[in-house]
Amino acid sequence: MVLGKRNGRSPTRSDIVGKRLTATYQTRVREYSGVDREAGDAALSAYAELYGRVERKLFADVAAGRSAGSLKSECLQRYGIPARMFNAVRVSLEGKVASVKEQQKPQLDSLCRRIARAERQIAGAAEHGRWDQVHQKRHRLANLQSRLAALETDTEEARVRLCFGSKRLWRKQHNLETNGYASHQEWLKDWREARSDEFFVLGSRDETGGCQLCVASVADDGTMTLRLRMPDCLATQHGKYLAIEGVRFAYGHEQVLAALDSNAEYRRYRGEHGDKAARATTLSQAISYRFKRDRKGWRVFVSTQMMDVPVVTDQRHGAIGVDLNVDHLAVCETDSSGNYINAFSVPLVTYGKSQHQAEAIIGDAVASVVEHAREVGKPIVIEKLDFRRKKATLEGESHRYSRMLSSFSYGKIKAYFLSRGNRQGVEVHQVSPAYSSVIGRVKFMERYGLSVHQAAALVLARRLLGCSERIPRRWVCPVGNDVQVAFTVPARKRVKHVWTHWGAISGQLRPALAAQHRLGKRRRRPNPVQAVARGETRGVA
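Read on for a plain summary of the structure. Just so you know, these numbers come straight off a predicted model, no measurement behind them. Every chain is numbered on its own, with residues counted from 1 as its sequence reads. Per-residue local features are limited, in this predicted model, to residues with pLDDT of at least 70; the limit for side-chain atom pairs, both in listing and counting, is 80 or more; totals at the level of whole chains, interfaces and linings are taken over all residues. Values shown for side chains rest on all heavy atoms present in the structure; no hydrogens or waters enter the calculation.

Among the structural elements, glutamate 55 can be located in helix H1 (residues 37-63). Summary of the burial criterion: residues with accessible area below 20% of their type's maximum are buried, those above 50% are exposed, and those between are partly exposed, where the area comes from a 1.4 Å probe applied to protein chains only. We classify glutamate 55 as buried; its relative accessible area is 5%. Contacts are residue-level and defined by heavy atoms, with any inter-residue pair within 4.5 Å sufficient. When sequence neighbours within four positions are dropped, the list of residues in contact with glutamate 55 reads Val89, Ser92, Leu93, Lys96 and Phe164. Helix and strand definitions here come from DSSP, where helices need a minimum of 4 consecutive H or I residues and strands a minimum of 2 consecutive E residues; each element is numbered from the N-terminal end.

Pairing between side chains of opposite charge can happen when their charged atoms approach one another. Just to be clear on terms, a salt bridge is a Lys or Arg side-chain nitrogen sitting within 4 Å of an Asp or Glu carboxyl oxygen. Counted according to the given criterion, the structure contains 23 salt bridges. Between lysine 292 and aspartate 197 there is a salt bridge, with its nearest N and O atoms 2.9 Å apart. Taken together, the positions of lysine 292 in strand S7 (residues 288-294) and aspartate 197 in the loop between helix H6 (184-194) and strand S3 (198-201) put the pair 95 residues apart, joining distant regions of the chain. Taken together, the shared-partner salt bridges in this structure form one network comprising Asp154, Glu157, Arg159 and Arg161.

We now examine the sheet that holds strand S6 (residues 241-247). Overall, antiparallel pairing links the four strands, which are arranged S2-S6-S5-S4 in an open sheet. Two strands lie at the open edges of the sheet, namely strand S2 (31-33) and strand S4 (214-218), each paired on one side alone. Neighbour-to-neighbour, the strand axes of the sheet open up by a mean angle of 30 degrees, direction not taken into account. Alignment of S2 against S6, held across three bridges, turns out to be antiparallel. Following the sheet pairing, tyrosine 32 is matched in S6 by isoleucine 244. For every element, the axis is a line fit to its C-alpha atoms; helices are fit only across the contacting stretch, and the angle between N-to-C directions ranges from 0 to 180 degrees. Helix-sheet contacts for H1 involve S2, strand S5 (224-229) and S6, and the interaxial angle to S2 is about 90 degrees. Running over the sheet, helix H8 (residues 253-273) touches S4, S5 and S6 and is turned about 60 degrees from S5. Whether two strands pair comes down to DSSP finding at least two bridges between them.

With that settled, consider H6. By the burial criterion, the buried members of H6 are Trp187, Leu188 and Trp191. Down the axis of H6, the sector holding all buried residues measures 100 degrees, keeping them to one side. H6 presents Gln185 and Lys189 as exposed residues on the side facing more than 90 degrees away from its buried surface. Directions from the helix axis toward the C-beta atoms define the arc.

Another aspect to go through is the sheet that holds S7. Pairing is antiparallel across the open sheet formed by four strands, whose spatial order is S1-S8-S7-S3. Only two strands of the sheet have a single neighbouring strand rather than two, namely strand S1 (22-28) and S3. The sheet shows a mean angle of 20 degrees between the axes of neighbouring strands, taken without regard to direction. Pairing between S7 and strand S8 (residues 297-305): seven bridges, direction antiparallel. Bridge pairing in S8 places aspartate 294 opposite glycine 297.

Written as structure tokens, this is what we have:
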């Protein structure tokens with residue numbers, strides 16, 4: 001990525017509007033056609049139980065070295081299921097296996113960092129004679145090394161470990177009374193239900209309604225009816241089809257109806273022009289369904305591609321940088337040349353909130369930023385962060401810092417920006433945040449009267465536009481409380497990237513920032529005498 005000049009190569013960007021994202025909408029199953037609620041739920045449970053047995057058998061055979069393709073005909077004859085159901089099981093299982101393999105490398109990296117940190121802490125505690133901490137840290141170190149050795153073995157042997165039903169429920173059988181079970185049979189009932197509480201129905205754009213085994217039709221009142229094809233082995237007891245009526249999604253119902261209309265248009269176009277011409281169009285899309293059982297009954301999830309929305313933003317007008325922080329979003333807007341226009345902050349405190357409360361807070365904050373970007377017609381720029389390194393160092397940090405970082409849902413904020421931007425036609429770019437805070441502090445914070453986070457957001461916006469990041473001639477930098485620190489400008493060499501020079505400056509400023517932070521903590525410490533004078537005697541020794 002070249003960021004030194006205005007007309008250099010454009011920065012790396014990803015996940016912008018133009019790619020059709022997949023959206024999932026959910027609702028609860030409330031009524032069936034031709035059968036009562038109890039019989040309909042029993043049919044879905046039987047389908048899920050059969051689906052779970054096929055999935056576990058397929059996983060065991062694949063783990064033994066057989067290929068999933070060679071097992072297809074055997075499973076169709078043994079379980080009496082259609083080919084599309086086997087494909088759904090295979091695709092779902094492959095996704096789970098790929099997810100486990102994808103997480104092995106980050107887990108290895110995290111364990112190595114935690115082991116290195118534990119070794120440093122042991123050496124430091126032994127140097128100061130804190131032998132109680134040494135004993136505890138050595139026990140922790142042995143545990144981490146054991147986990148690392150097991151994970152390395154699994155990675156080398158390409159072994160994947162899956163527990164259908166969750167490890168948490170599996171461990172409860174070893175302490176039945178503690179976990180509220182009167183007998184092992186009571187636990188076994190919950191275990192079997194947990195292993196058979198969902199199933200997946202795979203869709204395809206070439207099939208009727210986007211899915212062969214679950215075909216949706218629209219009623220006159222706008223509700224949908226889902227006709228689920230039951231496997232042959234269950235057709236005798238539950239019928240060949242199970243019709244679910246009155247399906248309406250609180251969010252995304254119009255998008256699902258639009259996808260069904262597109263599929264109907266695709267069938268008409270294919271009948272007139274042939275399969276080859278129809279496949280070359282953007283008409284039709286696969287609609288996949290997932291049924292999930294919870295304490296209140298069954299829910300249905302519909303996954304389909306989001307419809308294309310015209311893009312209303314253009315970086316020739318400028319950009320809007322967003323710096324993500326644990327308690328707010330720092331937003332800064334620029335013109336087409338990267339000059340500062342305005343800045344503001346959006347509160348975003350998710351600590352101490354439930355999952356739904358945090359999602360609502362994040363959604364409102366992201367919606368306000370996206371709406372502003374839509375009004376001014378400028379794309380949004382967020383930072384491409386990786387919190388694996390930071391979260392791997394939580395051990396040994398203060399409880400306040402650990403809780404604060406753990407509650408920061410960067411992945412969810414990023415997903416909300418991408419989803420909301422796609423629906424509103426607002427481009428969302430991701431750029432590297434390398435030294436954005438240092439550059440903002442040195443070059444823009446004092447010049448425009450910004451906070452350090454807003455200055456970092458300004459750097460992100462300018463980075464998308466390819467603006468200069470050269471080190472200024474002024475050799476001082478504000479660090480807070482009206483304190484400025486002078487730094488030595490590194491020798492500029494053409495062979496080195498400009499970030500190399502900013503890295504050297506960051507190393508010079510870090511001790512001054514740490515000292516200023518310690519000074520600020522001492523100033524914020526409450527004075528017992530003043531607290532008593534104000535009547536704040538609670539918690540004062």
